[in-house]
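# Examining the three-dimensional arrangement
These are the residues of each chain, in order.
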Amino acid sequence: MSTSTPADAAPRNALPAWASGLWPAPTEPLTPPRSVSHPERRIVFEPMLESDLDSVHAVESQAYAHPWSRRHFHDSLKAGYPAILLLSQPLPGEVVHPPRADGRVLLGYLVAMPGVDEVHLLNITVATAHQRQGWARFMLDALGLWSRGQGAQWLWLEVRQGNAPARALYERCGFAQVGLRKGYYPAGHFQREDAVVMSLRLAPAAGGPTP
Ligand SMILES: CC(C)(COP(=O)(O)OP(=O)(O)OC[C@H]1O[C@@H](n2cnc3c(N)ncnc32)[C@H](O)[C@@H]1OP(=O)(O)O)[C@@H](O)C(=O)NCCC(=O)NCCS
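Presented here is a report on the structure given in the accompanying data block.

A few words now on the sheet that holds strand β7 (residues 176–186). With mixed pairing, 8 strands are arranged side by side in an open sheet as β1-β2-β3-β4-β5-β6-β8-β7. With partners counted over all chains shown, the strands left at the sheet margins are β1 (19–21) and β7, one partner each. The sheet shows a mean angle of 25 degrees between the axes of neighbouring strands, taken without regard to direction. Across 4 bridges, strand β5 (residues 118–126) lies against strand β6 (residues 154–160) in parallel orientation. In the strand pairing of β6, His120 is matched with Trp156. Where helix α3 (residues 135–149) meets the sheet, its contacts fall on β2 (43–47), β3 (83–88), β4 (105–114), β5 and β6, and the angle it forms with β5 comes to roughly 160 degrees. This element, helix α4 (residues 164–172), spans β6 and β8 (192–201) of the sheet and lies at about 160 degrees to β6.

Take a look at the structure:
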């Protein structure tokens, strides 16, 4: 993972009240998360570490019929890909599930792979209990800002053709379909499922790439 822009690098006095750490550092405004059900939620972005993989994999296994294995996450971390957690202190009375050693709630995470002039989104997941509260959109906005800061012009991704929530999310965020990969994903019982390839053109970052 690229730890060159850890959430903690964000100047604290530039942070809005709803966040104690943002990724990337907030040199540009992020649209605040909607958090309709819990407007008092306070969040932080942190790099994913090996020690997070128990809770990450628990969320992953609940969210997908065909989840990534721990090995996928491990390999992404080893490769140095940006892998970011969205965490929160529990609200009063909130049960933290899956449990984490730090007692915090894992709302979601993303893993991406930087390319020459694009960043490829490999995984974005919101814990089932926290979906439809704007967290995925918020993480995609953050990834877009970070990618622009790296000089990327495009975000790319593949999504299962039958994954209607994810396709709706990406369309809502401005992604357009640019291709179809036949039989790209395993779908159980020796079946395969097509992948829809989508991309989003990023506006140039103000001031050019971040070193
Ligand atoms: C897809 C996923 C990441 C969306 O996360 P989320 O935090 O619930 O999404 P958001 O609340 O940010 O939703 C943003 C927009 O996406 C669309 N959307 C999200 N979930 C949707 C659903 N279940 N049905 C229809 N549209 C949906 C809507 O347009 C939504 O805007 P709205 O709530 O104002 O209508 C989440 O459902 C998830 O983790 N699914 C399992 C893992 C997965 O499929 N990841 C994507 C792999 S390619």
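Note: β6 against β8, 7 bridges, orientation antiparallel. Considered in β8, the bridge of Glu158 is made with Val197. Bridge count for β7 against β8 is 7 bridges, and the pairing is antiparallel. Counted as the bridge partner of Pro186 is Arg192 from β8. Connecting β7 to the antiparallel partner β8 that follows it, the hairpin turn spans 5 residues, and Gly188 within it adopts a positive phi of roughly 80 degrees.

On to α3, then. In this model, α3 (15 residues) spans 21 Å end to end at C-alpha, consistent with the 21 Å of a helix rising 1.5 Å per residue. Of all 15 residues that make up α3, 13 are buried, and the element is covered over most of its length. Looking one or two places after α3, you find Gly151, whose phi comes out positive at around 90 degrees.

With that out of the way, let us pick up the site of the ligand. Around the ligand sit 19 residues in total, of which Gln131, Ala136, Pro165, Ala168 and Leu169 are the nearest. Elements represented by at least two residues in the shell around the ligand include exactly β5, α3 and α4. Counting residues per element, the shell around the ligand draws most heavily on α4, which supplies 5 residues.

One broad rule of soluble globular proteins: the nonpolar side chains tend to lie buried together. In terms of nonpolar packing, the biggest core is built from 48 residues, with Leu86, Leu107, Leu110, Met139 and Leu143 touching the most fellow members. When residues in this core are grouped by element, the largest group, 9 residues, is from α3.

Here we take up the pairing of β6. Where burial is concerned, the two faces of β6 differ: the one with Leu155, Leu157 and Val159 is buried and the one with Trp154, Trp156, Glu158 and Arg160 is not. The β-α-β motif built from β5, the intervening α3 and the parallel element β6 has right-handed crossover chirality.

Conventions used here
Residues numbered from 1 in each chain as written. Predicted model: local features only at pLDDT ≥ 70, side-chain atom pairs only at ≥ 80, totals over all residues. Pairing = 2+ DSSP bridges. Helix = DSSP H or I, 4+ residues; strand = E, 2+ residues; numbered from the N terminus. Axes fitted to C-alpha atoms, helices over the stretch in contact; angles between N-to-C directions. Contact = placed C-beta atoms within 7 Å. Expected span 1.5 Å × (residues − 1). Buried ≥ 20, exposed ≤ 12 C-beta atoms within 10 Å, placed from the backbone. Near = placed C-beta within 6 Å. Core = buried A, V, L, I, M, F, W, Y, C linked by C-beta atoms within 7 Å. Right-handed = clockwise from strand over helix to strand, strands pointing away.

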